[in-house]
Amino acid sequence: MTQTITAMYDTYPEATAAKAKLVALGIPEVGVRILSGSEAGTAAAKTHEEGMWGSLKEFFMPEEDRHLHAEGLHRGGTMLTATVEDGYAERTYDILEEHGSIDMDEREASWRKEGWTGQATGAPAIATTPTAATGTTGLHATGTTEAVAADGTARGTEYIPVVEERLNVGKRMVDSGRVRVRSYAAEKAVSENVTLRDETVHVDRRVVDRAVTPGDMALFEDKVIEATEMREEAVVSKEARVVGEVGIRKDAAQRVETITDKVRHTEVEVTDERGNVERTGTAGTVSHKPV
C-alpha cells in the first residue's frame, strides 16, 4: 500500500535537497513532486484556477489544508509531496524533517496572530475550523467544511471527499552484476627436440715398409697437418605473436514487467429515510430504490 506525505519548506533548495535524499533512498522520482510559490504563479498574473489554488487541485487533501498550503505558497514557500510505500513512510518523515520541513500548525497559529483568517489568496471562501495535525510535515486529518456564498443557500455545509489512489511506476538503474577482463603474464615450461652434429678428429697410425720413391725426397723437411673439430650447438630465440583477443561488449534489450499493487478509493453511501440508497465511488454513482 502507498500513502502520500506532504511537507512545506521556506526555501526551494531545502525541498530539492529533501527530494534528492528520497530518490537516493529508493523512492521513484516520479513519485516526488515539488511545487514552489514562484512556479504556482501570482494572483496578479493569473486567475485563482490557474494560480496557486489551481496548482493544488491535483493533490488530494482536505479543503482547509489546501487553503493553508496555498497560503504558504503565496508567502514564498515550497511544497513537496511524496507517494511512498508503507515501508518507506517512517524514513520519509525523518528525511523531510532533517531538511527543515515547516510545522504547519505552528505556522498557521503565527499567521492567524498576524491577522490571517484561514482564507488563501484567490481561493473560494471556506468556513474555517480547527484542524487536527498528524505530524510536523504538513499533514492534516481529512474532513472539511465549506461555506456557500450564494444568496438563500445554507452556510456551513459539510462534505465528505471521494478519494482514489493512483499507481505511479518509475524506473531506476540497479547493479545486476559486473564482468571484468584482466590480462597478466604467466610462464610455462616448453621443450623442443633438435639434432646437432659433432665432429671428432682421430690420429691414425699404420706400419709401412717400402722403398723411398722420388716423390718422397722431401721426407726430411718439416711438415704440419692440422684438423679442427666442429660441433653444433642449439641457438634459442623467442618471438611474440598475437593468437587471440578477448573484449567486453554490452547488449541492451527491453522487457515488459507487469507491476501489480493495490490502490485504495473511498465510496460514499447515502441513505435517506425513504429507503433510497446511493453509493458513490470513483467509478460513478449507483442508486437503489425500494420496489
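Parameters and conventions
- Residues numbered from 1 in each chain as written.
- Predicted model: local features only at pLDDT ≥ 70, side-chain atom pairs only at ≥ 80, totals over all residues.
- Heavy atoms only, no water.
- Helix = DSSP H or I, 4+ residues; strand = E, 2+ residues; numbered from the N terminus.
- Buried < 20%, exposed > 50% of the residue type's maximum accessible area, 1.4 Å probe, protein only.
- Contact = heavy atoms within 4.5 Å.
- Areas by Shrake-Rupley, 256 points an atom, 1.4 Å probe, with all protein chains shown as cover.
- Expected span 1.5 Å × (residues − 1).
- Core = buried A, V, L, I, M, F, W, Y, C linked by side-chain atoms within 4.5 Å.
- Pairing = 2+ DSSP bridges.
- Axes fitted to C-alpha atoms, helices over the stretch in contact; angles between N-to-C directions.
- pLDDT = per-residue confidence, 0-100.
- Patch = residues over 30% accessible without salt bridge, like charges linked within 9 Å, V, L, I, M, F, W, Y side chains within 5 Å.
- Salt bridge = Lys/Arg side-chain N within 4 Å of Asp/Glu carboxyl O.
- Parallel < 35°, antiparallel > 145°, perpendicular 65-115°, else oblique.
- Nonpolar A, V, L, I, M, F, W, Y, C, P; charged D, E, K, R; others polar.
- Left-handed = near helix turned anticlockwise from the far one by under 90°.

A. Molecular detail of the overall build of the protein chain. A tally of regular secondary structure across the protein chain gives 6 helices and 8 strands. Residues classed as buried in the protein chain amount to 24% of the 291 residues present. Looking at the protein chain alone, contacts between residues at least 24 apart form 68% of all its contacts between residues at least 6 apart. About 22800 Å² of surface is accessible on the protein chain, with carbon and sulfur atoms providing 50% of the total.

B. View of helix H5 (residues 86-98). When the terminal C-alpha atoms of H5 are compared, their 19 Å separation across 13 residues agrees well with the 18 Å that a helix rising 1.5 Å per residue should span. Every buried residue of H5 is accounted for by Ala89, Thr92, Ile95 and Leu96. Where H5 is buried, its residues meet strand S1 (2-9), helix H1 (12-25) and strand S3 (78-85). Downstream of H5 by a residue or two, Gly100 has a phi angle that is positive, lying close to 90°.

C. Summary view of the nonpolar core. Among the nonpolar cores identified, the biggest contains 15 residues, and Tyr9, Leu22, Val32, Leu80, Ala82, Val84 and Leu96 are the most heavily contacted of them. Where this core is concerned, the elements lending two or more residues are S1, H1, strand S2 (32-36), S3 and H5.

D. Structural context of the sheet that holds S1. On the basis of which strands lie adjacent, the open sheet formed by 3 strands has the order S1-S3-S2 and antiparallel pairing. Since the sheet does not close on itself, it has two edges, and those belong to S1 and S2, each with one partner. Sheet twist, expressed as the mean angle between neighbouring strand axes with direction ignored, is 15°. When S1 meets S3, the two strands line up antiparallel, connected through 8 bridges. Paired with Thr6 across the bridge in S3 is Thr81.

E. A look at the confidence of the model for the protein chain. Chain-level statistics for the protein chain give a pLDDT mean of 75 and a share of 71% at 70 or above. For the protein chain, per-element mean pLDDT is lowest for strand S4 (residues 144-146), which scores 35, and highest for H1, which scores 89. Long-range and interchain partners of residues 127-137, a stretch whose pLDDT sits below 50, account for 32 contacts in this model, where long-range means more than four residues apart. Segment residues 139-155: pLDDT under 50, and 52 contacts once partners within four positions in sequence are set aside and those in other chains are kept.

F. Structural context of a nonpolar patch on the surface. A grouping of Leu167, Val169, Ile259 and Val263 is seen on the molecular surface, where their side chains present a nonpolar patch of about 330 Å² in accessible area. Its location among the elements puts Ile259 in the loop between strand S5 (157-159) and strand S6 (268-271). Judged by its relative accessible area of 44%, Ile259 is partly exposed.

G. View of the packing of helix H4 (residues 63-74) against helix H6 (residues 104-113). For the pair H4 and H6, the least separation of the axes is 11 Å and the interaxial angle reads 75°. When the axes of H4 and H6 are compared, the pair comes out roughly perpendicular. Of the residues in H6, those in contact with Leu68, Glu71 and Gly72 of H4 are Met104, Glu108 and Trp111. For the contact of H4 with H6, the residue count by class is 3 nonpolar, 1 polar and 2 charged.

H. Examining the packing of H1 against H5 more closely. The contact between H1 and H5 brings their axes to 9 Å, and the two run at 155°. By the angle between their directions, the pair H1 and H5 is classed as roughly antiparallel. Remark: the crossing between H1 and H5 carries right-handed chirality. When H1 is examined against H5, the residues Ala18, Lys21, Leu22 and Leu25 are found in contact with a partner set consisting of Tyr88, Arg91, Thr92, Ile95, Leu96 and Glu98. A per-class count over the contact of H1 with H5 returns 6 nonpolar, 1 polar and 3 charged.

I. Summary view of the environment of Glu85. Along the chain, Glu85 turns up in strand S3. On the basis of relative accessibility, which here comes to 33%, the residue Glu85 falls in the partly exposed class. Put simply, Glu85 and Ile27 are 58 residues apart on the chain and 8.4 Å apart in space, counted from C-alpha to C-alpha. Leave out the neighbours within four places in its chain, and Glu85 touches Met1, Thr2 and Asp261.

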